[in-house]
Amino acid sequence: LYAVPSFLYYFLQTQFPGVKIVHSTTPNVIPALTKRSSEHLDAAIANLVFSRDGVSIVVVENNMLKLCNKFKFKEVTDIVYIVLYTLEQLGLNNGKTRIVISGDLARTDARAQLMRRFAHNVSLAKLPDYFDYEVRVPQPEHQFVNLLNMSLCV
């Protein structure tokens, strides 16, 4: 939870009446909790969102939020330890848990490659199929999933 300074909050309220301030993980949490097809409802999903300074992990199982946290790391190998240890602490099976990667990384990024090497069910995020996109989405799409999911937050 991050507090917005009072002066900034009141400034935003005067300039933009009804402004809604959301956390940076909100575009990940809301879609993760959106009802999914019944075939995947009981499967655990770990959404990894990479940023310049770390990774946000949102874990959902049985349509319930199990974890939402941000981790900072220095070495590329640390991310594998963080994710696998987190899954273990949550009592999730590495072989059955889907890991979906998005954010600020290329398809060939070392972080994604290591996750594919040590975790069993890793994929890059795709744009949600419940939107009808009128614009041509830039590629690679996994880098823009959070931006497009932001519309669910307002």
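Residues numbered from 1 in each chain as written. Predicted model: local features only at pLDDT ≥ 70, side-chain atom pairs only at ≥ 80, totals over all residues. Heavy atoms only, no water.

1. Focus: the side chain of Thr86
Next, step 1: Relative to the elements of secondary structure, Thr86 occurs in helix 3 (residues 76-89).
Next, step 2: In this view, Thr86 contacts Leu67 and Phe71; residues no more than four positions away in its chain are not counted. (Helix = DSSP H or I, 4+ residues; strand = E, 2+ residues; numbered from the N terminus. Contact = heavy atoms within 4.5 Å.)

2. Examining the nonpolar core
Next, step 1: By size, the foremost hydrophobic cluster in this structure holds 24 residues, and its most contacted members are Leu48, Phe50, Ile57, Val83, Ile99, Ile101 and Met115.
Next, step 2: Looking at this core, the elements with two or more residues in it are strand 1 (45-51), strand 2 (54-61), helix 3, strand 4 (98-103), helix 4 (110-118) and strand 5 (122-124).
Next, step 3: In terms of residues, this core owes the most to one element, helix 3, which gives five residues.
Next, step 4: Contact partners of Ile57, with chain neighbours within four places excluded, come to Asn47, Leu48, Leu67, Cys68, Asn69, Phe71, Ile82 and Val83. (Core = buried A, V, L, I, M, F, W, Y, C linked by side-chain atoms within 4.5 Å. Buried < 20%, exposed > 50% of the residue type's maximum accessible area, 1.4 Å probe, protein only.)

3. Overview of the pairing of strand 4
Next, step 1: Counting buried positions along strand 4 gives five out of six residues, so the element sits mostly inside the fold.
Next, step 2: Sheet topology note: the strand 4/strand 5 ladder contains three bridges and is parallel. Residue pairing across strands places Ile99 opposite Val122, the latter belonging to strand 5.
Next, step 3: Crossover strand 4 to strand 5 through helix 4 is right-handed. (Pairing = 2+ DSSP bridges. Right-handed = clockwise from strand over helix to strand, strands pointing away.)

4. Some details on a nonpolar patch on the surface
Next, step 1: A surface patch of nonpolar side chains, amounting to about 710 Å² of accessible area, comprises Val4, Phe7, Leu8, Tyr9, Tyr10, Phe11 and Ile21.
Next, step 2: Locating Tyr9 in the fold gives a position in helix 1 (residues 6-15). (Patch = residues over 30% accessible without salt bridge, like charges linked within 9 Å, V, L, I, M, F, W, Y side chains within 5 Å. Areas by Shrake-Rupley, 256 points an atom, 1.4 Å probe, with all protein chains shown as cover. Salt bridge = Lys/Arg side-chain N within 4 Å of Asp/Glu carboxyl O.)

5. Here we look at the sheet that holds strand 5
Paired through their backbone hydrogen bonds, the strands of a sheet run either parallel or antiparallel.
Next, step 1: Ordered in space as 3-2-1-4-5, the five strands form an open sheet in which the pairing is mixed. One side of each edge strand has no neighbouring strand; the edge strands of this open sheet are strand 3 (64-71) and strand 5. Looking at each pair of strands side by side, their axes are set apart by 20 degrees on average, direction ignored. (Axes fitted to C-alpha atoms, helices over the stretch in contact; angles between N-to-C directions.)

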